Amino acid sequence: MKSRGVGRLLGWIDTIMFIPGIDENILAMKKNVWLGSFGSGIAISGMTLLGYFLDLPVIVSYGFALLSLTIPALIILPFLKKNIDLIFFSIQFILIWITFFFMLRMGGLLTSAGLLFTGISIIFMSTTYQNNRLTIILFSTYITTLITTALLQPKLSPLPQMTPAKNLLFFTVNFTWQAGYTLLLIINNISQKKKLAEAKHAEALRLQELDEAKTRLFTNITHEFRTPLTIILGMARLIREKPEEWLEDGTEKIGNSGKNLLNLVNQMLDLAKLEAGAMPLHNFQQDIILQLRYLVDSFSSMAISRKIRLEFIPGTDHFLMDYDADKLMHILSNLLSNALKYNVDGNYAEVKAGPAGQGENDFVISVTDNGPGINPEHLPYIFDRFYRIEKDNGKQESGSGLGLTLTKELVRLMKGTISVCSLPDKGTTFTVCLPISNQALLRETAGFSDFRERWISESYLSGHERKTSSGRKGEESGRHILLIVEDSNDLVDYLEAVLRDDFLMEFAVNGKEGFDKALEFVPDIILSDVMMPEMDGITMLDKIRSDERTSHIPVVMLTAKADIASRLEGIGRGADAYMSKPFHEEELKLRLTKLIEQRNTLRQRYASMGVFTQSDDPTYKTEDAFMMKIRGIMEANLDNEDFGINQLCRGVGMSRAQLYRKFKSLTDKTVNEYLIQFRLYKANEMLKNTSLTASEIAWETGFKNLSHFSRVYRKMYGHSPGSHRN
Ligand code: ADP
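As the structure is a computational prediction, the values presented were derived from the model and not from experiment.

A. View of the overall build of the protein. From N to C terminus, the protein includes 26 helices and 12 strands. The C-alpha radius of gyration of the protein comes to 43 Å, more than 25% above the 27 Å expected for a compact globule of 726 residues. Dimensions of the protein, computed from the C-alpha atoms along their principal axes, are close to 145 × 85 × 45 Å. A separation of at least 24 residues holds for 70% of the contacts in the protein among residues at least 6 apart in sequence. Carbon and sulfur atoms form 58% of the exposed surface of the protein, whose accessible area is close to 36400 Å². When the 81 basic and 83 acidic side-chain charges of the protein are each reduced to a single mean position, those positions are 6 Å apart.

Printed below as a string of structure tokens:
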């Protein structure tokens, strides 16, 4: 670990080396060269001092010669922006020749106090340059001076002041600091390489995340596009087939879906424009409070349908300032629709607006809700493009993750700021501050009221009033019960129109409600969307499959995700079929009917009283276990005449209605029918395999009235119980 002192020194070097606009590589090189020169400066000073104390003027001169180059270099380096390698190359080139000169003066390689090592650190330091050729030139020059000194040796004589003892001391000192210095350079090099590798790794991760974000966006966008497209195509078909019935309703729904699509496309285009700096600002001086009041008002029907109390709390009645009304409308719509969309039914949302306190020149708008809030770990990212928060169960609300990005960009365009404050389970506040000025043209504000028509899709505002069930005209009609779990109101309307002649229908808006309704009604079949708020289709499917009361119900998943992975996931978890949007209504009807028919194989298996063995086939596994449990309970109570549906319900932990519905769909019999047949089947077995009398057997199988036993037995087997004995 670096000590605090070193950390502070490095931080200080960072600040003095920085020049605005400097290239990062050059900055790094400057730092390395400066540190290198600083280190050698200290070492040279030490050597000079030692020379002075040991009375060696030649070493002192050599030291001063080196310092006269090193100190100016340290001073000018922070101001350099380019050509650093060339300047330092020149200095080092001169240093090599100075050293050469002193080696000759001191009588050759071995009597010159170890000056021959100086070149080594020079060469190592030059490796930080961006140009290899400079290092090679320095190296060749250094070697040339060494060889020349060696060749000139016969002509040289050592200085008398440099005694062998002093020479040895300096030889060792010089070698040690050069070697230490070289070691530091190598360590520095290695750690930089490591940093580079880490940076590369981080970049790879970033690219991978970007890639995943793109895929996520693609999936979400496909989902957002496919739902309205399904409605448009389906409604167009209905209008073609039954124009008298569907013309009005159908065209309205097509219009709404079209608006939704347009909204999404506009959002994407706006973002692209904003990022390209191509979105102009149309500022006018107008009453911002008045516009905000209209905007909040236009969300009231959406709030009412969610039972959310929506309030507008202005700081003043009117406020004139310069701003772009379109942009403000987008900003507030995004924040408000989030405050409603992510909120919980029955909560509140409020918009406060007014000029900031004294001495500040801002107009502040805040949008607050007391919904689920945002976890602190997500807060820094919610304004990022495509960023959406996965819920605890790993699933998400519908949305594109573009809303807040767009909002932030728009606020920035208006020279304002946006901030968020959120506490999990307490709620969220978004605060927008816009600078106040009054220089633009004055504009009438009467036109605000048509924002609602122009911008906010009607279906979005009113689309949250949910259907509960289509008139159930009684099960005696023989129609099967279909539970539709889908969050898009328009799609539900369309499905109802297509399927109402063939099915009795129940509806749920998300997986949670879907599962509750599946328990309540035990439908014959379920048609469910995959991506839904609160609980998605796959989680619901898991719950349905693992609950004995609902495990037998066929489930068809309806999804916009056409990709194979999500289909496999659904099928793997026990979905019986997958339909991708947009779908063809005939195909859908056929699928549903066929799946209900396929349950006949179950009926054949369980309706007959014959013994079956527990199967490992997933189609039968759970239901086998269930029927075996039923039979076990019945068998244990065989001689109990009073045993009936109530005791059986208690035994399997189901309500009468649940058991009735499940039983009917597994066996096509009522519980009572099945129980009597089971008793008779057991009686028949005993008649064949034991020597008990018919009246004893009747008693054993819960028929306390012998003539009743004979009558029902004859009805089932076509002969009297006594005939076995005859
Ligand atoms: P989206 O299209 O998904 O709504 P946004 O950019 O508008 O995208 O929001 C990003 C994420 O921030 C959302 O997925 C949501 O989880 C979270 N978020 C935004 N506003 C709120 C809020 N008022 N309450 C809770 N979560 C919110």
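B. Spatial organisation of helix 2 (residues 24-53). Over its 30 residues, helix 2 extends 44 Å from the first C-alpha to the last, a length consistent with the 44 Å expected when each residue adds 1.5 Å. Positive backbone phi, approximately 60°, marks Asp55, located one or two places after helix 2.

C. Representation of the environment of Gly537 in the model. Structurally, Gly537 is set in helix 17 (residues 537-546). The exposure class assigned to Gly537 is buried, which follows from its relative accessible area of 0%. Spatially, the C-alpha atoms of Gly537 and Asp23 are 53 Å apart, while their sequence positions differ by 514 residues. Sequence-distant contacts of Gly537, that is, excluding residues within four places in its chain, are made with Ser528, Asp529, Val530, Met532 and Met557.

D. Region of interest: empty space enclosed by the protein. According to the stated counting rule, one finds 6 cavities of 30 Å³ or more in the structure shown. Its volume calculated, the largest cavity comes out at about 220 Å³. Broken down by secondary-structure element, the contributors of at least two residues to the lining of the largest cavity are helix 2, helix 3 (57-76), helix 4 (84-105), helix 5 (118-125) and helix 7 (164-241). Partitioned by chemical class, the residues of the lining of the largest cavity number 11 nonpolar, 6 polar and no charged. Estimated volume of the second largest cavity: approximately 70 Å³. Taken together, Val522, Pro523, Asp524, His552, Ile553, Pro554, Ile596, Arg599, Arg603, Arg661 and Ser665 form the lining of the second largest cavity. Residues of the lining of the second largest cavity, tallied by class, amount to 5 nonpolar, 2 polar and 4 charged.

E. Up close: the pairing of strand 11 (residues 555-559). Burial of strand 11 is extensive: 5 of the 5 residues sit out of reach of the surface. In strand 11, alternate side chains face the same way, and those of Val555, Met557 and Thr559 on one face and Val556 and Leu558 on the other are all buried. Pairing analysis gives 4 bridges linking strand 10 (residues 525-529) to strand 11, with the strands arranged parallel. Its bridge partner being in strand 11, Ile526 is matched across the sheet by Val555. Where strand 11 lies against strand 12 (residues 577-580), 4 bridges are found, and the strand directions are parallel. Note on strand 12: the bridge partner recorded for Leu558 is Met579.

F. Here's a closer look at the sheet that holds strand 6 (residues 417-423). The 5 strands lie next to each other as 2-4-5-7-6, forming an open sheet whose pairing is mixed. Each having just a single partner strand, strand 2 (309-314) and strand 6 make up the two edges of the open sheet. Strand-to-strand, the axes of this sheet are offset by a mean angle of 10°, without reference to chain direction. Bridge count between strand 5 (residues 362-369) and strand 7 (residues 427-435): 8 bridges; the pairing is antiparallel. Residue Phe363 lies in a different strand from strand 7, and its bridge partner there is Leu434. The strands that helix 9 (residues 288-298) touches are strand 2, strand 4 (348-355), strand 5 and strand 7; relative to strand 2, the one it contacts most, it runs at about 175°. Seen against the sheet, helix 11 (residues 325-341) touches strand 2, strand 4, strand 5, strand 6 and strand 7 and runs at an angle of roughly 25° to strand 5.

Conventions and cut-offs
- Residues numbered from 1 in each chain as written.
- Predicted model: local features only at pLDDT ≥ 70, side-chain atom pairs only at ≥ 80, totals over all residues.
- Heavy atoms only, no water.
- Helix = DSSP H or I, 4+ residues; strand = E, 2+ residues; numbered from the N terminus.
- Rg over C-alpha atoms; globule rule 2.2 N^0.38 Å.
- Contact = heavy atoms within 4.5 Å.
- Areas by Shrake-Rupley, 256 points an atom, 1.4 Å probe, with all protein chains shown as cover.
- Lys, Arg positive; Asp, Glu negative; His and termini not counted.
- Charge placed at Lys NZ, Arg CZ, Asp CG, Glu CD.
- Expected span 1.5 Å × (residues − 1).
- Buried < 20%, exposed > 50% of the residue type's maximum accessible area, 1.4 Å probe, protein only.
- 1 Å grid on protein atoms, 1.4 Å probe; cavity = no way out; pocket = protein on both sides within 12 Å on 5 of 7 lines; lining within 4 Å.
- Points joined across faces, edges and corners; volume = space filled by probe spheres on them.
- Nonpolar A, V, L, I, M, F, W, Y, C, P; charged D, E, K, R; others polar.
- Pairing = 2+ DSSP bridges.
- Axes fitted to C-alpha atoms, helices over the stretch in contact; angles between N-to-C directions.

Read these as layout, nothing more, since geometry by itself doesn't imply function.
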